[in-house]
Amino acid sequence: MLNSMVANAPVFLLVAVRCFALIMTLPLFSTRSVPRIAKVTLAAYLAYLIFPQISLTNGMYAPYADFITPEGAFNLEYVLLLLGEGIIGIIIGFFISLIFAVFSTAGQFFAFQMGFAASEVYDSLSQVENPLMGQFLNLIAMLIFMQNHWFQTLFSGGLASSFDSLNAFSIVVHNKDLAIFMVSGLTSLFRDALIIALPLMGTLFLINVTMGILSKAAPQMNLLAEGFPILILTAFLVLATVLPQFIDFFIESFRQGFRELGRLFMILGPGGSL
């Protein structure tokens, strides 16, 4: 195995670049708290496991044989192939990040009504400034993702199967289909985020309307000082009530995300189209 890797080092490097690009864009693994040496080691280990499945005589890597010199020397064509492999890994990792962005976006939607919009701090998981409620939902989503072993499914199933369906030429031939697919993914992001946030947003909206009516009926009441504690307490009560339904929705969102990822492989694969 080791002799085969050394003899086909350019092919192994192509596989490793795709694995490394995926890890660098994948939630949790892409955080700065994960050492860079750990990311490189994991990418090399994944490439070591996937490399025996790669062949330059058949499969999706067969077109690469015309651009890889027998000596393995770096040329412009080979550098472009490396760039294409990195883009494929980034696309897969970005699509998984879109799923997690649904939950942090939902937290941002109702954090403003709760009065937590000003409590934005740096979220190490999403690596952006995120309200506390967005971090809370993002953390629950990450725990669900790890509990259901979807990281293993992504590496053993999604990443491995991408080498049977995609190559660097796929994203060039199907660039329009890829752009349409990503735009539809962003649309689904806001749709799912609104679905998650709707129970809390609707409840808090009714409370705000009620307090507005009471302030007009009895101006002497200091509802401004009492309104925020009521909103926060009600929001946490509603959140605790609907949390089991949220978890079921999170699980279904991940399942739907993996189905869409499989559809992406079919679209970018040979003969695939929207």
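A short tour of the structure in this document, coming up.

Cut-offs applied
Residues numbered from 1 in each chain as written. Predicted model: local features only at pLDDT ≥ 70, side-chain atom pairs only at ≥ 80, totals over all residues. Heavy atoms only, no water. Helix = DSSP H or I, 4+ residues; strand = E, 2+ residues; numbered from the N terminus. Buried < 20%, exposed > 50% of the residue type's maximum accessible area, 1.4 Å probe, protein only. Contact = heavy atoms within 4.5 Å. Areas by Shrake-Rupley, 256 points an atom, 1.4 Å probe, with all protein chains shown as cover. Expected span 1.5 Å × (residues − 1). Bend = angle between axes of the 7 residues up to and from the residue. Core = buried A, V, L, I, M, F, W, Y, C linked by side-chain atoms within 4.5 Å. Phe/Tyr/Trp six-rings, centres within 6.5 Å; stacked < 30°, edge-to-face > 60°. Lys NZ or Arg CZ within 6 Å of the ring centre and 35° of its normal. Salt bridge = Lys/Arg side-chain N within 4 Å of Asp/Glu carboxyl O. Patch = residues over 30% accessible without salt bridge, like charges linked within 9 Å, V, L, I, M, F, W, Y side chains within 5 Å. Axes fitted to C-alpha atoms, helices over the stretch in contact; angles between N-to-C directions. Parallel < 35°, antiparallel > 145°, perpendicular 65-115°, else oblique. Left-handed = near helix turned anticlockwise from the far one by under 90°.

## Description of the overall build of the protein
Link 1 in the chain: Within the protein one finds nine helices and two strands.
Link 2 in the chain: Counting from the amino terminus, the protein carries its helices and strands in the arrangement α-α-α-α-β-β-α-α-α-α-α.
Link 3 in the chain: Going through the 274 residues of the protein one by one, you find that 44% of them count as buried.
Link 4 in the chain: Partitioning the intrachain contacts of the protein with sequence separation of at least 6 by distance along the chain shows that 76% fall at a separation of at least 24.
Link 5 in the chain: When the accessible area of the protein is evaluated, it comes to approximately 14100 Å², of which 70% is carbon and sulfur surface.

## A look at helix α4 (residues 76-114)
Link 1 in the chain: Relative to the 57 Å expected for 39 residues at 1.5 Å per residue, α4 spans 55 Å between its end C-alpha atoms, a close match to the ideal helical length.
Link 2 in the chain: Phe100 marks where α4 bends most, by close to 30 degrees.
Link 3 in the chain: Immediately beyond the C-terminal end of α4, within one or two residues, lies Gly115, with a positive phi of roughly 95 degrees.

## A few points about the nonpolar core
Link 1 in the chain: With 79 residues, the main nonpolar core has Cys19, Phe103, Phe250 and Phe254 as its most contacted residues.
Link 2 in the chain: Of all the secondary-structure elements, those providing two or more residues to this core are α2 (9-25), α3 (36-50), α4, α5 (132-147), α6 (150-165), α8 (175-217) and α9 (223-268).
Link 3 in the chain: Residue contributions to this core peak at 17 residues, all from α4.
Link 4 in the chain: Apart from residues no more than four positions distant in its own chain, Cys19 is found in contact with Ala43, Leu46, Ala47, Ile50, Leu159 and Phe163.

## Observations concerning the packing of aromatic side chains
Link 1 in the chain: Counted under the stated rule, the structure contains nine aromatic pairs.
Link 2 in the chain: Ring-pair connections join several aromatic residues into one group, and the members of that group are Phe100, Phe103, Phe145, Phe246, Phe250, Phe254 and Phe258.
Link 3 in the chain: Positioned over the ring face of Phe163 is Arg18, at 4.1 Å from the centre of the ring.

## Some words on the side chain of Ser253
Link 1 in the chain: Positionally, Ser253 belongs in helix α9.
Link 2 in the chain: Its relative accessible area of 13% is what places Ser253 among the buried residues.
Link 3 in the chain: With near-sequence residues (within four places) excluded, Ser253 lies in contact with Ile99 and Phe103.

## Observations concerning the pattern of salt bridges
Link 1 in the chain: Evaluation of the coordinates by the stated rule reveals four salt bridges.
Link 2 in the chain: Residue Arg18 pairs with Glu85 through a salt bridge whose shortest N-O separation is 2.7 Å. Remark: Glu85 occurs in helix α4 and Arg18 occurs in helix α2; sequence separation between them is 67 residues. As far as the burial class goes, Arg18 and Glu85 line up, both buried.
Link 3 in the chain: Where Glu260 meets Arg263, a salt bridge forms, and the shortest distance between an N and an O atom there is 3.0 Å. With Glu260 and Arg263 both in helix α9, this residue pair falls three residues apart, about one helical turn.
Link 4 in the chain: Here Glu260 falls in the partly exposed class, since its relative accessible area comes to 21%.

## Describing the environment of Gly134
Link 1 in the chain: Along the chain, the position of Gly134 falls in helix α5.
Link 2 in the chain: Residue class for Gly134 comes out buried when judged on its relative accessible area of 0%.
Link 3 in the chain: Not counting the four nearest positions on each side in its chain, Gly134 is found in contact with Phe103, Ser104 and Gly107.

## Details of the environment of Ile87
Link 1 in the chain: Tracing the chain through its elements places Ile87 in helix α4.
Link 2 in the chain: Of the residues examined, Ile87 reaches a relative accessible area of 33% and is grouped as partly exposed.

## Quick notes on a nonpolar patch on the surface
Link 1 in the chain: A grouping of Phe67, Phe169, Val172 and Val173 is seen on the molecular surface, where their side chains present a nonpolar patch of about 350 Å² in accessible area.
Link 2 in the chain: Examined against the element boundaries, Phe169 turns out to sit in the loop between α6 and α7 (170-173).
Link 3 in the chain: Look at Phe169 and you get partly exposed, because its relative accessible area is 32%.

## A closer look at the packing of α4 against α5
Link 1 in the chain: At a minimum axis distance of 7 Å, the contact between α4 and α5 shows a crossing angle of 150 degrees. Here α4 lies roughly antiparallel to α5, going by the angle between them. Relative to α5, α4 is oriented so that their crossing is right-handed. Contact residues: Phe100, Phe103, Ser104, Ala106, Gly107, Phe110, Ala111 and Met114 in α4; Met133, Gly134, Leu137, Asn138, Ala141, Met142 and Phe145 in α5.

## Some points on the environment of Pro131
Link 1 in the chain: Among the structural elements, Pro131 can be located in the loop between β2 (128-130) and α5.
Link 2 in the chain: Residue Pro131 is classed as buried on the basis of its relative accessible area, which comes to 3%.
Link 3 in the chain: When the C-alpha positions of Pro131 and Phe112 are compared, they lie 8.8 Å apart, and in sequence the two are 19 residues distant.

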